[in-house]
Amino acid sequence: MARESLRKRKTKALLRRAAVVAVILLVAVIPAIPIWMMYGWLVSQSFSGRVILGILPSKLTLDNWRFLWSPIKMGEKEYPNIWPITMNTLFLALGVAGLVVMVSSLSGYALSRMDFKGRTGMMQFIIALHAFPSVILLIALFVILNKLGLYGKGFMTLVGIVLIKAGLEIPMATWIIKGFFDAIPWDLEWAALVDGCSRWRVWRSVILPLVLPGIGAVSIFSFLSGWSEFLLVFTYVAQEEYYTLPVMIYHMIGEFIHIDWGMLAALGLFYAIPTIIFFSVSQKVLLRIYVGGVKG
Amino acid sequence: MVRVTLDNVSKFFGKVKAVVDLNLEIRDGEFVALLGPSGCGKTTTLLMVAGIYKPTRGRILFDDEDVTDLPPKDRNIGMVFQSYALYPHMTVYDNIAFPLKLKKVPRQEIDRKVKEVAKLLQIDELLDRKPAQLSGGQRQRVALGRALVKEPDVLLLDEPLSNLDAKLRILMRAEIKRLQKELGITTIYVTHDQVEAMSMADKIAVMNKGRLQQYADPQTLYNKPANLFVAGFIGSPPMNLVEGNIVEENGTYYFVSSSFKYRLPSGVGELIASETSSVILGVRPEDIKIVLGDGDDNVISGTVYVVEPLGRDLLVNVKVGETLFKILAPADLKLEPGQSILLAPNEKRIHLFDRKTGRAVI
Ligand SMILES: Nc1ncnc2c1ncn2[C@@H]1O[C@H](COP(=O)(O)OP(=O)(O)OP(=O)(O)O)[C@@H](O)[C@H]1O
Ligand SMILES: [Mg+2]
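Since the model is a prediction, treat every value here as computed from it, not as a measurement.

## Considering the packing of aromatic side chains
Each aromatic ring pair is described using two quantities: the centre-to-centre distance and the angle formed by the ring planes. Counted by the stated rule, this structure contains 24 aromatic pairs over all chains. Ring plane angle 15 degrees and centroid distance 5.4 Å describe the contact between Phe229 of chain B and Phe233 of chain B, whose orientation is recorded as stacked. Of the two residues, Phe229 of chain B and Phe233 of chain B both sit in helix H8 (residues 228-233), four residues apart, roughly one turn of that helix. One aromatic cluster in this structure is built from Phe47, Trp65, Phe67, Trp83 and Phe270 of chain A. In this arrangement the basic side chain of Lys203 of chain B is found over the ring face of Tyr215 of chain B, its NZ or CZ atom lying 4.2 Å from the centre.

Rendered as structure tokens:
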């Protein structure tokens, strides 16, 4: 009797497990298949001369990666060398990340710790600010760039875009970092004051190390958003030599007749490298964030 | 070492009056406990002495120097927080060394002092660990070490033992008291545990709702509570308190409540009757004798309600009319619930409080 009910229970548990697996397959695995197929296509395409059935590579070659060491030509048109373009993109991404981290770590601290008039209003305003997509700002920003004399000035235009992009990213980053500051108990700050710190020293020696995971997250996110910025560069940068990678890839896709899919795939992969690095590195950082800022 | 004076100090947070007109003098090398229920303003007081909060009104003096506007770092204070507030990203060693580093003490000297303090507190095995890898008692000792290492003029302790288990608490109680006497540092110790305050402090400041109730040594506090709050707060089990009136009959004064009548010692009655007639009678559980059979004439008769054995003594709950008395009796006394007995309060140890003001009248 008892034995039978045990067996029954075992079958039930097995069935439940099967159901769970089925749901996971349905919700998480199956929708991911096309995405993985696309990545698979990208990789195999970039290393092969010909592709069978859209996924199997044949005729292994590095020819598609020739843009790394020789000028890029598609049909009649010659594109700028990849390395200056990469440097532009890197400059944009690093500039945005640096500026965002610098400003948001200070403003996040102020919003979390200091009591001043209009603090609540400011925080609501920050959230509202984030609700606007940057598209609707394009014209207004154009006017501003023009007034500042940064439009059509080559490298200085890129600097202007760094400023704009950082300005758009800072509200959200401030919000995220504020959360990290909120998690630090007042006691800790007070203890440092009693131990003999000035306010600035408290920030540098006690608070900053504790919000480091948050700053890490914000810098990674803002780096990626600068790296993938398209609209602003596309709109404001006139000269080809100041293009960034997304804009150049866009222009190459626009080439209908002589389009070279193999090279485009390789280029796409090249462009994705920072993202891939990010995900392998950030897993650890993001996990540490989850564990909590203040827990040693 | 300094003398700390709080001169009419108040602290308001908007409408909340956390501390009101506090006057306190802590003498050089003295160990003073701030005692009171949760939310009575103990931590706020401590943070004002530390310089974290600026008093809304009043002055704070170290010796004769007004430090009210001095930032915390210039006060040379050591503080242990309720939460210990160890720096989670630093090792125990770095935690203790931090105040010295800020003072720009030379490296070798830091090393020597940290090791010395660690040895004193028996945490020299833990110097390489992070705070997250320590037990509560170890954290508390590290926090104490960090407060002591810079040889402060004033040591502030905010409920440092509240996170420890009962056994460790008793151990650390003696330890802290010994350390304080050995080093002779002026110390303010915040606690809501009266046993802790009574057993450790030279003097106790009892606070309630932001106001100082009484500031005296433990014996005085116990034997001569200044008001109802102190009487009820100090002592465990607490003092028996009964509302009633002073009534005169043929030149003798009686305390009369709804359930019994008790003759007051001669002299006491007149004294009180001249001030007020509505009073509260207070008698500590150990100051009432249980009398079996016939006793003196001035006794209160009641019936045994419940008997709680406490090991060393019995805590006897006695019903007198509607009033419940708690009485400590010798453990060998045989009592049955429902049994009729007589209560004889010790005349010399009764307390009477003015019912309106709560102040003690004798
Ligand atoms: N920063 C603050 N803002 C507003 N009110 C405060 C603040 N700090 C303390 N209070 C209030 O002041 C009163 C006293 O608080 P305090 O922390 O001094 O109490 P405490 O005696 O230390 O209590 P506990 O034993 O619970 O630690 C409380 O009513 C509290 O709500
Ligand atoms: Mg407190």
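## Side note on the interface of chain B and chain A
Taken together, the contacts link 21 residues of chain B with 18 residues of chain A. Taken over both partners, the interface formed by chain B and chain A buries close to 1800 Å², and the fraction arising from carbon and sulfur atoms is 71%. The salt bridge involving Arg146 of chain B is made with Asp195 of chain A; its shortest N-O contact spans 3.5 Å. By residue number, the principal contributor to the side of chain B that touches chain A is helix H2 (residues 92-102) of chain B, which donates three residues. When its residues are assigned to classes, the side of chain B that touches chain A shows 16 nonpolar, two polar and three charged.

## A closer look at the pairing of strand S17 (residues 313-320) of chain B
All names here are of chain B. Of all the eight residues making up S17, six are buried; the element is thus mostly covered by neighbouring parts of the structure. One ladder, built from six bridges, connects strand S16 (residues 300-309) with S17; its direction is antiparallel. Pairing of Thr303 across the sheet is with Lys319, part of S17. Where S17 and strand S18 (residues 323-330) come together, eight bridges link them in antiparallel fashion. Residue Asp313 lies in a different strand from S18, and its bridge partner there is Pro330. Two successive antiparallel strands, S17 and S18, enclose a turn made up of two residues, where Gly321 displays a positive phi of approximately 60 degrees.

## Some details on the domain arrangement of chain A
Residues and elements named next belong to chain A. Here chain A is described as being made up of domain 1 (6-61) and domain 2 (79-292). Here domain 1 and domain 2 have C-alpha centroids that lie 34 Å from each other. The partner domain 2 presents five residues to the five residues of domain 1 that form the contact. A combined buried area of about 440 Å² lies between domain 1 and domain 2, and 84% of that area is made up of carbon and sulfur atoms. On the domain 1 side of the contact with domain 2, Leu42, Gln45 and Ser46 bury the most area, a combined 72% of that side's loss. Where domain 1 meets domain 2, there are zero salt bridges. The interface formed by domain 1 and domain 2 holds zero residue pairs in polar contact (both at pLDDT 80 or more) in total. Among the residues making up the side of domain 1 that touches domain 2, the classes are represented as three nonpolar, two polar and no charged.

## Overview of helix H3 (residues 82-113) of chain A
With 32 residues, H3 of chain A ought to run about 46 Å at 1.5 Å a step, and its terminal C-alpha atoms sit 46 Å apart, in line with that. Capping of H3 of chain A at its N-terminal end is provided by Asn81 of chain A; its side-chain oxygen lies 2.8 Å from the backbone amide nitrogen of Trp83 of chain A.

## So, the sheet that holds strand S7 (residues 154-158) of chain B
Residue and element names in this part refer to chain B. Strand order across the open sheet formed by six strands is S6-S7-S8-S3-S9-S10, with mixed pairing between neighbours. Every other strand in the sheet has two partners, leaving strand S6 (77-80) and strand S10 (211-216) as the edge strands with one partner each. Each adjacent strand pair in this sheet contributes to an overall mean axis angle of 15 degrees, direction not counted. As paired elements, S7 and strand S8 (residues 186-191) share five bridges and run parallel to each other. Its bridge partner lying in S8, Asp158 is registered against Val190. In the packing of helix H4 (residues 136-148) onto the sheet, the strands contacted are S6 and S7, and the crossing angle to S6 comes to about 170 degrees.

## A short note on a positive patch on the surface
On the surface, a cluster of positive charge is made up of Lys8, Arg9, Lys12 and Arg16 of chain A. Relative to the helices and strands, Lys12 of chain A resides in helix H1 (residues 2-29).

## So, the sheet that holds strand S11 (residues 240-249) of chain B
Residues and elements named next belong to chain B. One open sheet holds the five strands; their spatial order is S13-S12-S11-S14-S20, and the pairing between them is antiparallel. Single-partner strands in this sheet number two, and they are strand S13 (261-263) and strand S20 (351-354). The sheet shows a mean angle of 40 degrees between the axes of neighbouring strands, direction not considered. Bridge analysis of strand S12 (residues 252-256) against S13 gives three bridges, and the strand direction is antiparallel. Of the residues in S13, the one forming a bridge with Phe255 is Tyr262.

## Re the site of ligand 1
All names here are of chain B. The environment of ligand 1 is made up of 13 residues, and the closest members are Ser38, Gly39, Lys42, Thr43 and Thr44. Gln82 is positioned with one of its side-chain polar atoms (N or O) 3.5 Å from an oxygen atom of ligand 1. Protein contacts shield 63% of the accessible area of ligand 1, which totals 640 Å² for the unbound molecule. Looking at the shell around ligand 1, the elements with two or more residues in it are strand S2 (16-26) and helix H1 (42-50).

Rules behind the numbers
- Residues numbered from 1 in each chain as written.
- Chains lettered and ligands numbered in written order.
- Predicted model: local features only at pLDDT ≥ 70, side-chain atom pairs only at ≥ 80, totals over all residues.
- Heavy atoms only, no water.
- Phe/Tyr/Trp six-rings, centres within 6.5 Å; stacked < 30°, edge-to-face > 60°.
- Helix = DSSP H or I, 4+ residues; strand = E, 2+ residues; numbered from the N terminus.
- Lys NZ or Arg CZ within 6 Å of the ring centre and 35° of its normal.
- Contact = heavy atoms within 4.5 Å.
- Buried area = accessible area lost by both parts, 1.4 Å probe.
- Salt bridge = Lys/Arg side-chain N within 4 Å of Asp/Glu carboxyl O.
- Nonpolar A, V, L, I, M, F, W, Y, C, P; charged D, E, K, R; others polar.
- Buried < 20%, exposed > 50% of the residue type's maximum accessible area, 1.4 Å probe, protein only.
- Pairing = 2+ DSSP bridges.
- Domains from an automatic or database assignment.
- Polar contact = N/O pair within 3.5 Å; in protein donor to acceptor, adjacent residues only side chain to side chain.
- Expected span 1.5 Å × (residues − 1).
- Axes fitted to C-alpha atoms, helices over the stretch in contact; angles between N-to-C directions.
- Patch = residues over 30% accessible without salt bridge, like charges linked within 9 Å, V, L, I, M, F, W, Y side chains within 5 Å.
- Areas by Shrake-Rupley, 256 points an atom, 1.4 Å probe, with all protein chains shown as cover.
- Lys, Arg positive; Asp, Glu negative; His and termini not counted.
- Charge placed at Lys NZ, Arg CZ, Asp CG, Glu CD.
- Near = heavy atom within 4 Å.

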